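Residues per chain, in single letters:
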Amino acid sequence: MKLIIRWLCSAVALLAVAYLYSGVVVTSFTGALIAAAVLGALNTVVRPVLVLLTLPVTVVTLGLFLFIVNALMFWAAASLVSGLNVKGFGAALIGSLIYSVLQLAIDFVLERLLFKD
């Protein structure tokens, strides 16, 4: 049940990113659901490999390069899903920042308020 709720909240967060920033376009809620699933899969499989490969650059930039890695994941998801369009790498960077902040808020609400142990 937690997985489905997180997935739905991630899709709503993608819709919120599209509403808040014009560089990201989500065509429908179905497109947002698919994009959220693809983005979650990319962050689970590809992102750890990229973080490991770019570890020296990340250390030199004091962790700021992780923003670039997040933007690459966001941009890759947009290129794989037809329901999510990003207007360039700068839009992917800003969109991924907004999405990350929304995901932090979602995680806080779900863990602290809904899924208390």
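Residues numbered from 1 in each chain as written. Predicted model: local features only at pLDDT ≥ 70, side-chain atom pairs only at ≥ 80, totals over all residues. Heavy atoms only, no water.

J.: Can you lay out unusual backbone geometry for me, pointing to particular residues and giving the numbers?
T.: At Leu62, a position not held by glycine, the phi torsion is positive, near 60°. Relative to the helices and strands, Leu62 is located in the loop between helix H3 (55-60) and helix H4 (65-80). On the accessibility criterion, Leu62 (78% relative accessible area) is exposed. (Helix = DSSP H or I, 4+ residues; strand = E, 2+ residues; numbered from the N terminus. Buried < 20%, exposed > 50% of the residue type's maximum accessible area, 1.4 Å probe, protein only.)

J.: Now, about the packing of helix H2 (residues 29-53) against H4: what can you tell me, with residues and values included?
T.: Contact geometry for H2 and H4: axes closest at 10 Å, N-to-C directions at 140°. Classified by the angle between their axes, H2 and H4 sit oblique to one another. At the point where H2 passes H4, the crossing takes the right-handed sense. Judged by residue contacts, Val38, Leu39, Leu42, Asn43, Val46, Arg47, Leu50 and Val51 of H2 engage Leu66, Val69, Asn70, Met73, Phe74, Ala76, Ala77 and Leu80 from H4. Taken together, the residues of the contact of H2 with H4 break down into 13 nonpolar, two polar and one charged. (Axes fitted to C-alpha atoms, helices over the stretch in contact; angles between N-to-C directions. Parallel < 35°, antiparallel > 145°, perpendicular 65-115°, else oblique. Left-handed = near helix turned anticlockwise from the far one by under 90°. Contact = heavy atoms within 4.5 Å. Nonpolar A, V, L, I, M, F, W, Y, C, P; charged D, E, K, R; others polar.)

J.: With reference to specific residues and values, describe H4.
T.: An α-helical segment advances 3.6 residues per turn. Residues three or four places apart therefore align on the same side. In this model, H4 (16 residues) spans 23 Å end to end at C-alpha, consistent with the 22 Å of a helix rising 1.5 Å per residue. Residues of H4 that are buried include every one of Val69, Ala71, Met73, Phe74, Ala77 and Ala78, and no others. Each element contacted by the buried residues of H4 is listed here: helix H1 (2-20), strand E1 (24-26), H2, strand E2 (84-86) and helix H5 (89-114). (Expected span 1.5 Å × (residues − 1).)

J.: Give me the environment of Gly40: which residues, what numbers.
T.: By the element assignment, Gly40 lies in helix H2. Separated by 33 residues in the primary sequence, Gly40 and Met73 place their C-alpha atoms 9.4 Å from one another.

J.: Mind laying out the packing of H1 against H5, listing which residues take part and the relevant values?
T.: Direction vectors running N to C along H1 and H5 enclose 145°, while the axes themselves pass 9 Å from each other. Considering only the axes of H1 and H5, their crossing is right-handed. On H5, the residues that touch Ile5, Arg6, Cys9, Ser10, Ala13, Leu14, Ala16, Val17 and Leu20 of H1 are Gly95, Ile98, Tyr99, Leu102, Gln103, Ile106, Asp107, Leu110 and Glu111. Each residue belonging to the contact of H1 with H5 can be placed in one class, and the counts come to twelve nonpolar, three polar and three charged.

J.: Break down the side chain of Thr54 for me, with residues and values.
T.: Relative to the assigned elements, Thr54 resides in the loop between H2 and H3. Residues contacting Thr54, with those up to four places away along its chain left out, are Phe65 and Val69.

J.: Before we move on, can you summarise the pattern of salt bridges with the specific residues and values?
T.: Taken as a whole and assessed by the stated rule, the structure comprises two salt bridges. Salt-bridge contacts for Arg6 lead to Asp107; the nearest nitrogen and oxygen are separated by 2.8 Å. Of this pair, Arg6 sits in helix H1 while Asp107 sits in helix H5, placing them 101 residues apart in sequence. Arg6 gets classed as partly exposed once you look at its relative accessible area, which sits at 25%. (Salt bridge = Lys/Arg side-chain N within 4 Å of Asp/Glu carboxyl O.)

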